[in-house]
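# Architecture and fold: a report
One letter stands for each residue in the lines below.
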Amino acid sequence: MKNKTSGLLLLFVLVALLPKMALALDAGVSFAVYCTPDGKPHVEVNLEIAAGSVMYRHVDSTKMQSGVEILIMIKNGENVARVEKYTLKSPLVMEPQALLDVKRLSILPGTYTLEVTMTDLNDSANTDHFSSPLQVAFDGKIALSELQLLRSFRADNSEGLFT
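Model, not experiment: these values are computed from the prediction. (Residues numbered from 1 in each chain as written. Predicted model: local features only at pLDDT ≥ 70, side-chain atom pairs only at ≥ 80, totals over all residues. Heavy atoms only, no water.)

A word on the overall build of the chain. When helices and strands are tallied, the chain shows 1 helix and 9 strands. Ordered by position in the sequence, the α and β elements of the chain form the string α-β-β-β-β-β-β-β-β-β. Expressed as a percentage of the 163 residues in the chain, the buried residues total 29%. Taking all contacts inside the chain whose residues are at least 6 apart in sequence as the whole, residues at least 24 apart take part in 62%. Put simply, the chain shows about 11500 Å² of open surface, and 59% of that area lies on carbon and sulfur atoms. (Helix = DSSP H or I, 4+ residues; strand = E, 2+ residues; numbered from the N terminus. Buried < 20%, exposed > 50% of the residue type's maximum accessible area, 1.4 Å probe, protein only. Contact = heavy atoms within 4.5 Å. Areas by Shrake-Rupley, 256 points an atom, 1.4 Å probe, with all protein chains shown as cover.)

It is worth spelling out the pattern of salt bridges at this point. Applying the stated criterion across every chain, the model contains 4 salt bridges. Here Asp38 and Lys40 are joined by a salt bridge, their closest N and O atoms 3.9 Å apart. Taking relative accessible area as the criterion, Asp38 reaches 55% and is therefore assigned exposed. The exposed category is assigned to Lys40, whose relative accessible area is 53%. Of the charged contacts, one joins Glu115 and Lys75 as a salt bridge, the two residues approaching to 3.8 Å between their closest N and O atoms. Here Glu115, found in strand 8 (residues 110–120), pairs with Lys75, found in strand 5 (residues 67–76); they are 40 residues apart in sequence, far enough to count as distant. Lys75 matches Glu115 in its accessibility class, with the two residues each being buried. (Salt bridge = Lys/Arg side-chain N within 4 Å of Asp/Glu carboxyl O.)

Strands sit in the order 6-5-8-9 across an open sheet of 4 strands; the sheet is antiparallel. Each of the sheet's edge strands pairs with one partner strand only, and the pair in question is strand 6 (79–89) and strand 9 (123–136). Averaged over all pairs of adjacent strands, the angle between their axes in this sheet comes to 15°, without regard to strand direction. Two strands pair when backbone bridges link them, and strand 5 and strand 6 are joined in this way by 10 bridges, in the antiparallel orientation. (Pairing = 2+ DSSP bridges. Axes fitted to C-alpha atoms, helices over the stretch in contact; angles between N-to-C directions.)

Among the structural elements, Asp101 can be located in strand 7 (residues 99–106). For the buried Asp101, which has no salt bridge, the nearest side chain bearing the opposite charge is Lys103, at an N-O separation of 5.0 Å. Of the polar contacts made by the side chain of Asp101, one reaches the side chain of Tyr86; its length is 2.4 Å. Ignoring sequence-local partners within four residues, the contact set of Asp101 consists of Val45, Asn46, Leu47, Tyr86 and Leu88. (Lys, Arg positive; Asp, Glu negative; His and termini not counted. Polar contact = N/O pair within 3.5 Å; in protein donor to acceptor, adjacent residues only side chain to side chain.)

If you want it as structure tokens, here you go:
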């Protein structure tokens, strides 16, 4: 009898926690440092947030939308060298889609820490944080910028923001 009660209690706890675990914000962050031909360096931050990891709310009977607050900080020790805070919203969609974004920030040469914090607008407890060292250094000689690998590509004849 005691095992049956323990099993039911465990099942109840799992069922209660499963929705929160399923909506853990799943974001991919990558970045690269580039230098313009006139010698001005900048960092490009690429974000991809999985569709199933953010909460979508219905706007009307057929369309829904999600949003994420993004905070990008480039820090030199405790000093903030650059900051960018904005809201990334999905288009109105019939089914969830991944959120994609690219930000380019100019930055002086130096050693920094890149921090990206993302918060689901529809569930403030659903957050993700990324932190990585960032080295911005160019010696003025001809050099290759960091490479960005292409995951996939396909033909797209649709009209939209990215085509």
